[in-house]
Structures are given as C-alpha cells and as structure tokens.
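# Summary of the model geometry
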Amino acid sequence: MATPKKVLVIGAGAGGLVTLKTLLDASRQDPNHPLDPLLVEAEEEIGGTFRYRRYENAELVSSRQLTAFSDFRIPPSEKGTHGDHISLIQYVDYLKSYVEHFELDSGTGWDGQPGRFRMSTRVVRIDKDPQGGHIVTLQRKHNGSSATDSGVGTPVDSPTEEPSTYTLHADAVAICSGLHVTPAWPEIPGIENIPESFHSSAYKGREQLIGKRVMILGCGETAMDLAYEACKAGAKEVTLCYRGGYLSFPKVLNSFEMFGVKFDGELPIDGLITNLFETAYVHPWVKRSHLRWFVSDFVIKRVLWFLTGTMAGCNQWVGELPEERLGRAYVFLNKSHKAQVFINKPHKPSRRWLSLFSQYSDPKEDLDSPIHVDAAPFPERINSDGTVVFGNSRDGRKEEMMKKRTVKPDLLIYATGYKQDFNWLGEGYPRGPDHVDTLEMVDSSDTSLCWVGHVRPGVGAIPPIAEEQAMLWSLLLQNRVPVPKDEGNYRLLAKKTARIQYGVDHSTYSHALADAFGGAPTLSQLYWQYGLKVLVAYCFGAAFTPFYRLVGPFKSETAPKIVKTEIWEVICRRGLLGNLFMGLIPMIFYGLVSGLALVLETGWKAARAVGVDIPLPEILRDNQPPELEKSKM
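From a predicted model like this one, the values you see are computed outputs, not experimental measurements. (Residues numbered from 1 in each chain as written. Predicted model: local features only at pLDDT ≥ 70, side-chain atom pairs only at ≥ 80, totals over all residues. Heavy atoms only, no water.)

## Looking at the overall build of the protein chain
Defined as follows: The helix and strand labels rest on DSSP assignments: H or I over at least four residues marks a helix, E over at least two residues marks a strand, and numbering proceeds from the N terminus. The atom set for the radius of gyration is the C-alpha atoms, and the globule formula is 2.2 Å times the number of residues raised to the power 0.38. Only protein chains enter the accessibility calculation, which uses a 1.4 Å probe; a residue whose area is less than 20% of its type maximum is buried, one above 50% is exposed, and one in between is partly exposed. We get accessible surface area from the Shrake-Rupley algorithm with a probe of 1.4 Å; when it comes to residues, only the shown protein chains can shield them. Charge assignment in this entry is limited to Lys and Arg as positive and Asp and Glu as negative, and neither His nor the chain termini are counted. All charge positions are set by atom: Lys at NZ, Arg at CZ, Asp at CG, Glu at CD.
The secondary structure content of the protein chain amounts to 18 helices and 24 strands. In terms of overall size, the protein chain behaves like a compact globule, its C-alpha atoms giving a radius of gyration of 25 Å where 633 residues would be expected to give roughly 26 Å. Reported as C-alpha extents along the three principal axes, the dimensions of the protein chain are approximately 75 × 70 × 50 Å. Looking at the 633 residues of the protein chain, the share that counts as buried comes to 58%. With an accessible surface of roughly 27,200 Å², the protein chain has 55% of that area assigned to carbon and sulfur atoms. Between the centroid of the 70 positive side chains of the protein chain and the centroid of its 74 negative side chains there is a distance of 4 Å.

## Observations concerning the packing of helix H11 (residues 462-477) against helix H12 (residues 506-517)
A pair of packed helices is captured by two measures, namely the crossing angle of their axes and the spacing between those axes. Cut-off, in case you're wondering: Interaxial angles span 0 to 180 degrees and are taken between N-to-C directions of axes, which are lines fitted to C-alpha atoms, for helices over the stretch in contact. Geometric relationships in this document are graded by angle, where less than 35 degrees denotes roughly parallel, more than 145 denotes roughly antiparallel, 65 to 115 denotes roughly perpendicular, and other angles denote oblique. The handedness criterion is simple: a crossing whose near helix is rotated anticlockwise from the far helix by less than a right angle is left-handed, and one whose near helix is rotated clockwise is right-handed. Should any heavy atoms of two residues lie within 4.5 Å, those residues are counted as being in contact.
Two numbers describe how H11 lies on H12: the axes approach to 9 Å, and their chain directions differ by 20°. In terms of axis orientation, H11 runs roughly parallel to H12. Crossing geometry of H11 relative to H12 is assigned as left-handed. Each of Pro464, Ile465, Glu468, Gln469, Met471, Leu472 and Leu475 in H11 lies in contact with H12, whose residues at this interface are His506, Tyr509, Ser510, Leu513, Ala514, Ala516 and Phe517.

## Quick word on the layout of surface pockets
Worth spelling out the cut-off: A cavity here means a set of 1 Å grid points, computed over protein atoms only, where a 1.4 Å probe fits but cannot escape. A pocket is an open set with protein on both sides within 12 Å along at least 5 of 7 lines, and lining residues have an atom within 4 Å of a point. Grid points are joined across faces, edges and corners, and a volume is the space filled by probe spheres set on the points. Side-chain classes follow a simple rule in which Ala, Val, Leu, Ile, Met, Phe, Trp, Tyr, Cys and Pro form the nonpolar group, Asp, Glu, Lys and Arg form the charged group, and the remainder, Gly included, forms the polar group.
When its volume is computed, the second largest pocket comes out at roughly 1,400 Å³. In terms of lining residues, the second largest pocket is bounded by 38 residues, among which Leu253, Ile300, Val303, Phe581 and Met582 are the most central. Elements represented by at least two residues in the lining of the second largest pocket include exactly strand E13 (256-258), helix H7 (291-308) and helix H16 (575-609). Class assignment of the residues belonging to the lining of the second largest pocket gives a composition of 28 nonpolar, five polar and five charged.

## Details of the pairing of strand E4 (residues 121-128)
Where we set the bar: Here, a strand pair is defined by DSSP locating no fewer than two bridges between the strands.
One ladder, built from seven bridges, connects E4 with strand E5 (residues 134-140); its direction is antiparallel. Its bridge partner lying in E5, valine 123 is registered against leucine 138. Between E4 and E5, which pair antiparallel and follow one another directly, the connecting turn spans five residues, one of which, glycine 132, has a positive phi of 115°.

## Quick look at the pattern of salt bridges
The cut-off we apply is this: One speaks of a salt bridge when a side-chain nitrogen belonging to Lys or Arg is within 4 Å of a carboxyl oxygen belonging to Asp or Glu.
By the definition in use, this model includes 27 salt bridges. The closest approach of N and O atoms between aspartate 366 and lysine 232, which form a salt bridge, is 2.7 Å. Of the two residues, aspartate 366 is situated in helix H9 (residues 364-368) and lysine 232 in helix H5 (residues 221-233); the sequence distance between them amounts to 134 residues. Across the pair arginine 491 and glutamate 440 runs a salt bridge, and its minimum N-O distance is 2.6 Å. Of this pair, arginine 491 sits in the loop between H11 and strand E24 (503-504) while glutamate 440 sits in the loop between strand E21 (418-419) and strand E22 (449-451), and the two are 51 residues apart along the sequence. Owing to a relative accessible area of 7%, glutamate 440 belongs among the buried residues under this scheme.

## What to know about the state of the cysteines
Working definition: the covalent bond between the sulfur atoms of two cysteines is a disulfide. Convention followed: Only a pair of cysteine sulfur atoms within 2.5 Å qualifies as a disulfide here.
Applying the stated criterion across every chain yields a total of zero disulfides. Cysteine 450 supplies the cysteine sulfur nearest to cysteine 176, a cysteine that is in no disulfide, at a spacing of 7.3 Å. Cysteine 241 provides the cysteine sulfur closest to cysteine 231, a residue in no disulfide bond, and the two sulfurs are 14 Å apart.

This is the structure:
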C-alpha cells in the first residue's frame with residue numbers, strides 16, 4: 001500500500017466540508033494514490049459565514065438546485081410554491097446533515113486523534129518545508145476564547161486561557177477559509193461623531209434598527225437586505241450610499257404583468273442560462289471575444305425595458321451603472337431585490353405608456369408604506385455635529401436631492417464587503433488566488449497548495465464551484481490529470497483598479513473546471529449512456545454540478561436520477577415559450593456564431609499552411625492555444 005498524502009483542509013464552511021468529502025472519495029477511487037484529509041476550524045461549530053455572519057430573515061440568493069452539492073440535494077423550503085431559496089439557518093442544517101450522511105468526522109486523523117475535525121483550532125502560519133510539504137503552526141483555543149475573523153492569522157480577542165500552539169507537517173494544504181470573513185472598513189473622517197456604527201457582519205436583527213436614522217454604506221446584496229429590513233423595522237429614515245452603482249435583478253423571475261396577465265412563474269434566474277453553445281461546444285475565438293456575453297446583455301437590456309421601463313436593471317430607476325460597466329460581463333448581479341421598491345419611490349415615474357402592455361408589480365404593502373430609501377453618494381466626511389457631507393457622484397439626481405436636506409444618522413452600517421489577507425502564509429507562497437496561474441486555485445509550479453471557494457460568480461453560487469475545484473485538485477494531487485492550461489476566459493471584465501478581482505462567470509468557470517478534470521460530457525456520451533431526456537436536460541439546463549458527474553472520474557450513480565427529476569422539473573417550469581425564448585433561440589444563434597468561427601478558423605489555418613500570413617484581430621491573439629503560438633515561430 002502506498003503511503004497516504006497528509007492533506008490539511010482549513011475551514012469548516014461549505015468549501016472546506018466538500019473538499020474533505022471529495023478528497024476521501026478520490027482516495028477510495030484510486031487506492032494506489034491515497035489521500036488522508038484532516039480539517040481544522042477556528043470556530044466551535046461548522047458553517048462558516050452562513051453560521052457566524054448570518055442575520056434575521058437572511059436567505060440564499062442562489063437557488064437550492066444550483067447551490068446543493070452534486071450527490072446530496074437540498075429539500076424544498078416551506079416558503080413559496082417551489083421553495084427554491086432557503087434561509088441561512090436551513091443551509092447550516094443542510095451542511096450538518098451533509099457531514100452526518102457521509103460520516104465525514106469518523107475514523108482517526110493523521111495527527112493520531114479521533115475523527116477528522118479539529119474545531120476551535122486556527123492556523124497561525126504556514127511555511128514551506130525544505131524537505132517537501134508544508135509546516136503548519138496551529139493554536140487550539142481553550143475556555144471559549146475568541147477566534148479570528150477569518151480563522152487564520154492574529155486572534156481578534158485575547159483568550160481567557162493561553163492557547164496551546166503546535167505544528168503539523170502536511171503534504172498538501174487546501175485553504176477554504178472563505179471570501180466573506182475579514183471586514184473591509186473604508187476610512188471616513190469624523191466617523192466618531194455618529195453615535196453608533198458597526199460592520200454588517202455584526203448585524204443580527206431588526207431590533208438594532210427600530211426607530212433609528214439609519215445610513216448604510218454599500219449597494220451589494222447585504223446592503224439591500226439591510227435597507228429593506230430597516231424599512232420593515234420602523235426606522236425613522238434610511239439612506240443608502242454608494243460609489244459606482246449596481247445592477248439589480250431579482251433572484252426569482254416573477255411579479256411581471258403582460259397584457260393584463262400576471263406572471264408568477266418562480267423561475268430562479270441562476271438556472272436560466274443554457275449549456276449548449278453558451279457553455280459547452282463554444283469555439284475558442286468566441287470565448288476569447290466574450291461575444292455571447294455581450295449579445296445576451298444587449299437582449300436582456302431590451303427585455304428589461306419592455307417589462308419594467310428601464311434598462312439600468314430590473315425595475316431599477318436609480319443607482320444605474322455607467323454604460324461601460326452595465327452587463328453580466330462586468331459586475332455581480334444584485335439579486336436582493338426587495339428594497340428596490342423603497343429606493344425607487346422618489347424616482348420611478350408614476351405613469352408611463354408602456355404600462356399598458358407590461359409592467360413590474362411591486363408589493364402593494366411596500367408601495368403604501370410611508371417610508372422610502374434615499375439614494376446618496378458616498379460620504380466625504382462627518383461634521384462635528386454628526387451631519388453628513390456627501391462626496392461627488394456622476395448621478396446629479398442624488399447630489400441635488402441630498403443637498404436639499406440634512407442627513408444626521410444615529411446609526412451607520414458598513415455594508416462594504418470583505419478583504420482578503422494571506423499574510424500568514426510564509427515566504428515563497430503566492431499571496432492569494434489572484435497570484436496563481438491555474439483557474440484561480442493552484443499554481444502550476446506547486447499544486448500542493450490550493451485555494452477552494454475563493455472566486456465569486458456574477459450570478460451563481462460558490463459551494464458548487466468549490467466542489468468542482470476540489471474534484472480537480474484531488475486528481476492533481478494523485479497525478480491523475482495534467483495541470484490544465486488556463487486562458488482565463490471565465491473571468492469577469494474588471495478594471496485593474498477594481499476592488500474585487502475574483503469575479504467569474506459561473507457557467508463558463510464551472511465548465512472549464514469540469515473539462516479540466518474530465519467531467520464535461522459530450523452529447524453522444526449523454527445520448528448513448530442515458531438517453532434523450534438527460535441529453536435534452538443538459539442542453540437546456542444551466543451549469544448544475546450533477547451534469548459533471550454523469551461521466552468522468554467522479555461519475556455518480558445518483559446523478560442521472562437528479563437530472564431526470566429535480567433539474568428536469570426546473571427546465572419544464574419555464575414552459576414552452578420560456579424554453580423557446582430562453583433556450584432554443586439562444587442555442588441556435590450561438591451555435592451559428594461558433595459554427596461561423598470554426599469555418600473562419602479552418603480558412604485561416606489553410607491560408608497559413610500555404611504561406612499566406614493573415615493576422616488575427618488582437619482580441620483573438622490573446623491567450624492563444626499552444627498550436628497557434630507555435631505557428632508564429
């Protein structure tokens with residue numbers, strides 16, 4: 001028997017749990033290359049951000065069909081007709097059931113202790129061992145001492161009893177500490193003049209907002225949740241401040257009226273993007289140019305205009321992004337839509353001729369509520385009397401509105417996101433997943449260190465991406481697949497100055513991972529192995545992880561059943577017209593585009609073969625595959 005590789009998994013959130021389970025699966029599949037994982041977690045319980053940074057009424061903005069792990073599904077919620085979106089409390093319960101179902105904490109760890117979980121244990125530092133592998137320094141807490149925000153690095157509070165420090169030698173390390181753990185605090189002069197302020201990670205419930213003048217910094221999904229909660233809690237006034245704007249889109253497509261007929265189809269938007277010719281079977285030139293992203297953006301904007309009267313977002317009348325950043329290729333969709341009615345009140349036209357044909361139906365209870373949310377530029381400073389001086393923005397409406405009134409909040413909430421800090425990694429390590437050269441997770445020079453769950457999809461979910469990352473990494477550790485070439489066509493088009501550089505298109509990135517570990521099926525494989533129903537579901541379905549377990553090294557017996565039932569139900573729920581306009585027509589169009597690209601590439605190669613040098617456009621020359629690079633020599 002080969003000596004097992006000792007693998008340390010950092011973090012007991014969704015990413016860490018699925019990584020542990022995937023490593024065990026890979027070890028059983030290939031006993032000649034065994035992997036022996038051990039998990040460490042700074043907190044006392046599993047769940048990560050979903051447990052320790054959740055708040056009242058918080059729900060997942062990704063659907064259960066997309067968020068669930070491939071072989072352990074999330075049951076429907078009691079809320080709604082289909083219950084596609086569950087609360088954070090329910091999701092933590094799901095993770096606990098996942099651990100119990102697969103007995104992830106059974107056996108004995110390679111440190112000689114029972115079980116595979118080491119709770120209340122944080123990583124202090126990781127250094128490279130000159131003999132190979134990694135030397136990990138850990139601290140075990142005692143008597144309820146506080147953990148760090150991220151589970152690594154310097155503790156936030158001093159322990160009531162000195163923690164014990166010890167080291168372990170690991171052959172490989174998976175960093176699954178999560179994106180949303182270390183709060184980002186932008187500096188605002190005079191912040192001490194506001195009676196109360198805290199980061200959104202400290203928000204727990206409506207009682208913190210009742211009767212207060214609330215100012216929220218940020219325009220992400222958490223900020224929108226807090227704005228809505230403040231309105232519902234009975235806050236005196238609510239102000240939402242932001243710099244660049246946002247793109248609003250509800251997590252479920254409903255509440256539309258067309259020709260007097262109300263549409264409440266309850267379609268999760270993260271399940272609407274189809275696979276065939278948009279994710280699978282896409283010509284490399286089309287991928288590099290991001291043409292399909294731009295085309296879909298063009299179409300979606302016009303559809304939004306017809307349905308809601310504005311192209312800035314779904315029923316979004318303020319906070320629009322600049323034109324050069326308005327689209328799925330650039331930003332994360334803001335799927336927390338409930339606050340939009342309160343934000344729109346001072347801005348949305350009361351009458352429009354288009355409402356004769358179609359309109360978005362806001363909840364009557366919220367429309368009748370006397371409170372609204374003021375949209376404002378980001379604060380420049382806070383005066384000594386607690387009044388806010390706002391900075392400049394490109395939205396003159398906001399500036400003019402805020403000049404006419406005095407804003408003096410009792411409470412300021414930083415919904416300003418989180419930052420990534422890997423200073424606890426020793427010399428010689430990449431400083432984060434944005435410093436590696438392979439799929440934002442490993443560096444080709446040393447695949448024994450991996451980041452799992454450190455990318456953020458524009459629309460989608462991190463847990464299924466983490467599962468696919470873990471699949472690829474486990475095979476890399478076993479030398480069962482080569483290190484893939486990474487062209488980066490899945491990355492969102494962020495400016496170099498943007499705060500967040502880890503945005504990805506969920507479908508494109510998922511397919512890239514599956515292709516790298518051998519789980520991306522061909523149409524012929526699906527038809528001959530599973531029949532027409534699974535083939536059609538794959539073509540019309542989104543990048544659901546069970547699709548990537550129909551073939552390949554992680555082929556699962558449960559995947560066909562999941563595709564034929566749960567995923568098939570979501571596709572059928574769109575109806576005939578929905579599948580025509582959101583499925584078949586885009587497939588035909590994108591298929592023709594990739595087909596044309598194939599014809600042009602064939603002609604280009606033929607011309608070069610006879611000595612005719614036809615230069616490619618710059619956008620197609622970037623990240624050329626090896627055979628094209630060699631042709632220059």
